[in-house]
Number of protein chains: 2
Amino acid sequence: MAQTEISQLGEFGLIDRITNDIPIVNSSTVKAVGDDAAVLSYPDTEVLVTTDMLLEGVHFDLTYVPLKHLGYKAAAVNFSDIYAMNGTPRQITVGLGISSRFTVEHIEELYAGIRLACEIYGVDLVGGDTTSSRSGLVISITCIGDARKGEVVGRDGAHDTDLICVSGDLGSAYMGLQLLEREKVASAGQKEFVPKFEGKEYLVERQLKPEPRRDIIRALQEQGIMPTSMIDISDGLSSELLHICKSSDTGCRVYEDRIPIDYQTAVMAEELGMNLVTAALNGGEDYELLFTVPLHCHEKVEKMEGVKVIGHITKPELGCMLVSRDGAELPLRAQGFNHMSGTAE
Amino acid sequence: MAQTEISQLGEFGLIDRITNDIPIVNSSTVKAVGDDAAVLSYPDTEVLVTTDMLLEGVHFDLTYVPLKHLGYKAAAVNFSDIYAMNGTPRQITVGLGISSRFTVEHIEELYAGIRLACEIYGVDLVGGDTTSSRSGLVISITCIGDARKGEVVGRDGAHDTDLICVSGDLGSAYMGLQLLEREKVASAGQKEFVPKFEGKEYLVERQLKPEPRRDIIRALQEQGIMPTSMIDISDGLSSELLHICKSSDTGCRVYEDRIPIDYQTAVMAEELGMNLVTAALNGGEDYELLFTVPLHCHEKVEKMEGVKVIGHITKPELGCMLVSRDGAELPLRAQGFNHMSGTAE
């Protein structure tokens, strides 16, 4: 594909090109790109705002992350934060820092991913800032969403005896990252390298293209279940559960044998000689929903597809514990994927 | 001052430390930091959203920009975008990328500036993302504000015969930058260097600590003047005026002898052998307001303190022209401070 230097277009030319023909799907979007600020209207709802910053070399490695996937993921993880408040994402703004090795076509690829995520999840791209960077790519996305009045679910509403539920499976995105890193090392210096992903496609997809769990939020609404607390799992189950317990002033019991783990995750952990439960508890970037529901919802949540009850909330003095297969209680520790050090600890 | 490594606190410890005791002043702020998203409420107003990204080495040089000033400015320039829509800034989220050379105390300094700006302009800090960076400091701020229904002023409402007005004076922030750069070069390698800012303090202040023009927005409201279009001057008068004319499908005439320039700006331009009008037209970061008002407001705006009428809007076929002191018409060109190349062109 022909490559165009960004300097040929300039900042405004680039912005025109990437924001051209952006559709508007939400009635809350009054005015999108093209002014000092976007104009939104939220007369009857609560407004939710979340922001995430992704830096090259810390959060992503362009050796194995295609730009379109990166754009998709950067948007999707913000949507996930809004769903985790029991809300609906409506608008995003995109801040981009671009170093000189990127061309206009590269940025179009990145935006194609952002726009695809917006299209699938019904979100309007309403503004942003595009600037040059001295080193690598910087992506900062802010997402605005809404929730019906009184239906926002935070981290602080869990109560003693509530059931702890999790969607999907855990540890697969982390194993996907391990796999991609392994193949990157294996490919070093080889021109015609073909990475070995057979039978592990799910892990790669979980790492490169996470899907926020809108389906779970909708299913909960259909079932008439209002979670007492909710959070999305970006830093690992342990870390997020500790956030809920700290904010809600509770303890918890989580059962090792209840933690949902995919077959491919187990195979990969075996191959790498890693502890599977540790990966599931502390591996980051699952973007599944962790939530608590009152005990009387037990039958309903047990029947929900893609949701598993993994434990229950306790009084705070009982602490936050993992109950192992043999019945031993081990304190939960936040050893999440730590972007302050740039590595999984 | 004792310095604390960020790794000693970790991401959550750092966030706790810098977001500790943040006051809430706006009724639209329902829930601030500490969950997946902030919760806001805007039942009767239009919501405005703007975002800006600042990168070390591109937008700021920590050799001469104190971190507290940087934090103040990073917040202030976002407030300026909201005022430029005829709105009031209410909340910000702060995304930070921090390289390992920064300590906890450094980040506290930066936040002290952000918080000071928030305090002065009545804005709540409601969320953010803090992460590590491989190279330098990255600041991404999103500001949310509101405007009374029907009172949002965009770039696209200027009409033939409207008066073009500008607040404050132009070119001083750019001259402040030139001065700081000159002193940086002069100081290279010297231990006990004392920069020469006497008589030029205003220029330095304009560059390091710009103030968004809330006062002008309030004065316009008090006078009952509703601008037909408005923009804040971040890239230079020419560039912003061309934005208004393009969005509004008009031309314009701006009179060179009407452009407000401070005495210190003129002295500095003389010293550096730079063209003063070019600096005033194309020097960036003034953060003054450029707006148009109907012709019948002439008397009122002429009486307003800190506002100057510099020209008028014309039919589009007349083009966008600067009328020089000798009556010659020169086409206005956007030669703004271009952060896509990192230099003032």
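Cut-offs applied
Residues numbered from 1 in each chain as written. Chains lettered and ligands numbered in written order. Predicted model: local features only at pLDDT ≥ 70, side-chain atom pairs only at ≥ 80, totals over all residues. Heavy atoms only, no water. Helix = DSSP H or I, 4+ residues; strand = E, 2+ residues; numbered from the N terminus. Rg over C-alpha atoms; globule rule 2.2 N^0.38 Å. Buried < 20%, exposed > 50% of the residue type's maximum accessible area, 1.4 Å probe, protein only. Contact = heavy atoms within 4.5 Å. Areas by Shrake-Rupley, 256 points an atom, 1.4 Å probe, with all protein chains shown as cover. Lys, Arg positive; Asp, Glu negative; His and termini not counted. Charge placed at Lys NZ, Arg CZ, Asp CG, Glu CD. Salt bridge = Lys/Arg side-chain N within 4 Å of Asp/Glu carboxyl O. Pairing = 2+ DSSP bridges. Axes fitted to C-alpha atoms, helices over the stretch in contact; angles between N-to-C directions. pLDDT = per-residue confidence, 0-100. Phe/Tyr/Trp six-rings, centres within 6.5 Å; stacked < 30°, edge-to-face > 60°. Lys NZ or Arg CZ within 6 Å of the ring centre and 35° of its normal. Least-squares fit on C-alpha atoms with pLDDT ≥ 70 in both. Buried area = accessible area lost by both parts, 1.4 Å probe. Polar contact = N/O pair within 3.5 Å; in protein donor to acceptor, adjacent residues only side chain to side chain. Nonpolar A, V, L, I, M, F, W, Y, C, P; charged D, E, K, R; others polar. Parallel < 35°, antiparallel > 145°, perpendicular 65-115°, else oblique. Expected span 1.5 Å × (residues − 1).

K.L.:
Teacher, can you tell me more about the overall build of chain A here?
P.N.:
Within chain A, the secondary structure is distributed over 10 helices and 15 strands. Here chain A has a C-alpha radius of gyration of 21 Å; the compact-globule value for 345 residues is 20 Å, and the two agree. Expressed as a percentage of its 345 residues, the buried residues of chain A come to 59%. Considering only contacts within chain A whose residues lie at least 6 apart along the sequence, 86% involve residues at least 24 apart. Looking at chain A as shown, the accessible area adds up to about 14,000 Å², and 50% of this sits on carbon and sulfur atoms. Here chain A holds 30 positive side-chain charges and 52 negative ones, and the gap between their average locations is 1 Å.

K.L.:
Could you clarify how one ought to interpret the pattern of salt bridges in this entry?
P.N.:
Opposite charge on two side chains lets them pair, provided their charged atoms get close. All names here are of chain A. Tallied over the entire structure, the rule returns 38 salt bridges over all chains. Measuring nitrogen to oxygen at the nearest pair gives 2.7 Å for the salt bridge that ties R206 to E288. On the criterion of sequence distance, the pair formed by R206 in helix α5 (residues 201-208) and E288 in the loop between α9 (276-282) and β10 (289-293) is long-range, its members being 82 residues apart. For the pair R206 and E288, one class covers both residues: buried. Several salt bridges converge on common partners, so that one network encompasses R206, R213, D215, D286 and E288.

K.L.:
What am I meant to see in the sheet that holds strand β3 (residues 45-55) of chain B here?
P.N.:
Strands belonging to one sheet form pairs held by backbone hydrogen bonds; the direction of such a pair is parallel or antiparallel. Here 6 strands make up an open sheet; going across it, the order is β1(A)-β2(A)-β3(B)-β6(B)-β4(B)-β5(B) and the pairing mixed. In this open sheet, the two strands that pair with only one neighbour each are β1 (29-31) of chain A together with β5 (124-132) of chain B. Averaged over neighbouring strand pairs, the angle between their axes works out to 25° when direction is ignored. Inspection of the sheet shows β1(A) paired to strand β2 (residues 38-41) of chain A by 2 bridges, in the antiparallel sense. Among the inter-strand pairings, A:T29 is bridged to a residue of β2(A), identified as A:L40.

K.L.:
Sorry, what's going on with the confidence of the model for chain A here?
P.N.:
All names here are of chain A. Confidence in the prediction for chain A averages 90 pLDDT; 97% of positions are at 70 or higher. Below pLDDT 50 for its whole length, residues 337-345 participates in 29 contacts with residues either more than four positions away or in separate chains. Here the prediction assigns the complex a pTM of 0.91, and the interface score ipTM is 0.89.

K.L.:
Even after reading the chapter, I still don't get the packing of aromatic side chains, so can you show me in this structure?
P.N.:
Two aromatic rings, taken as a pair, are described by how far apart their centres are and by the angle between their planes. Residue and element names in this part refer to chain A. Under the criterion given, the structure shown has 4 aromatic pairs over all chains. With 5.8 Å between their ring centres and 55° between their planes, F79 and Y121 make a pair best called tilted. One end of the pair, F79, is in helix α2 (residues 67-83); the other, Y121, is in helix α3 (residues 104-121), with 42 residues separating them in the sequence. Relative accessible area serves as the criterion here: at 0%, F79 is assigned to the buried category. Under the relative-accessibility criterion, Y121 is labelled buried at 8%. Chaining the aromatic ring pairs together yields one cluster made of F79, Y83 and Y121. We note K209 situated over the ring of Y72; from NZ or CZ to the ring centre the distance is 4.3 Å.

K.L.:
What's the story with the sheet that holds strand β3 (residues 45-55) of chain A in this structure? I'm lost.
P.N.:
The strand order β5(A)-β4(A)-β6(A)-β3(A)-β2(B)-β1(B) describes an open sheet built from 6 strands, whose pairing is mixed. Of all the strands in the sheet, just β5 (124-132) of chain A together with β1 (29-31) of chain B have a single pairing partner and so form its edges. For this sheet, the mean inter-axis angle between neighbouring strands, taken without regard to orientation, is 25°.

K.L.:
How should the relation of the copies chain B and chain A be read in this particular structure?
P.N.:
Overlaying chain B with chain A gives an RMSD of 0.0 Å, the required rotation being 180° about an axis along which the chain moves by 0.0 Å. Given the turn and translation reported, the copies of this chain are related as if by a two-fold rotation axis. When each C-alpha of chain B is compared by its distance to the rotation axis, B:P43 comes out closest, at 2.0 Å. With an isologous cut-off of 70% or more, the 100% of interface residues of chain B that recur at the interface of chain A puts this contact in the isologous class.

K.L.:
Before we go on, may I ask you to explain unusual backbone geometry in this structure?
P.N.:
Residue and element names in this part refer to chain B. One non-glycine residue, N86, lies in the positive phi region at around 65°. Take N86: it is sitting in the loop between α2 (67-83) and β4 (88-98). Residues other than glycine seldom take positive phi values, yet T161 does so here, at roughly 80°. Along the chain, T161 falls in the loop between β6 (138-148) and β7 (163-167). With relative accessibility at 40%, the residue T161 sits in the partly exposed group.

K.L.:
How should the interface of chain B and chain A be read in this particular structure?
P.N.:
Quite often, the size of an interface is put as the accessible area lost when its parts meet. With 69 residues of chain B in contact, the opposing surface of chain A contributes 69 residues. For the pair chain B and chain A, the two sides together bury roughly 5,000 Å², of which 55% comes from carbon and sulfur. Our enumeration of links across chain B and chain A arrives at 17 residue pairs in polar contact (both at pLDDT 80 or more). With 9 residues, β3(B) is the single largest residue contributor to the side of chain B that touches chain A. Its residues assigned to classes, the side of chain B that touches chain A comprises 27 nonpolar, 25 polar and 17 charged. In terms of strand pairing, β3(A) meets strand β2 (residues 38-41) of chain B through 4 bridges, oriented antiparallel. Opposite A:V47, over in β2(B), you have B:L40 as the bridge partner.

K.L.:
For this particular structure, what's the right way to read the packing of helix α4 (residues 172-187) of chain B against helix α5 (residues 201-208) of chain B?
P.N.:
Helix-helix packing is described using two parameters, namely the angle between the two axes and the distance between the axes. Residue and element names in this part refer to chain B. The geometry of α4 relative to α5 is characterised by a closest axis approach of 7 Å and an angle of 100° between their N-to-C directions. The angle between α4 and α5 falls in the class roughly perpendicular. Only Y202, L203, V204, R206, Q207 and L208 of α5 make contact with α4, whose side of the interface consists of S172, A173, Y174, M175, G176, L177, L179 and L180. Looking at the contact of α4 with α5 residue by residue, the classes come out as 10 nonpolar, 3 polar and 1 charged.

K.L.:
I tried to follow helix α7 (residues 237-248) of chain A on my own but got confused; where do I start?
P.N.:
Because each turn of an α-helix spans 3.6 residues, side chains separated by three or four positions in sequence point in the same direction. With 12 residues, α7(A) ought to run about 16 Å at 1.5 Å a step, and its terminal C-alpha atoms sit 16 Å apart, in line with that. When α7(A) is considered as a whole, its buried residues turn out to be A:L237, A:S238, A:S239, A:E240, A:L241, A:H243, A:I244, A:C245 and A:S248.

K.L.:
What is the right way to look at the environment of B:M85 in this model?
P.N.:
Tracing the backbone shows B:M85 in the loop between α2 and β4. Its relative accessible area of 0% is what places B:M85 among the buried residues. Measuring from C-alpha to C-alpha, the distance between B:M85 and B:G283 comes to 22 Å, with 198 residues separating the pair along the chain. Discounting residues that sit within four places of it in the chain, B:M85 has contacts with A:D35, A:D36, A:A37, A:V39, B:L48, B:E151, B:V152 and B:V153.

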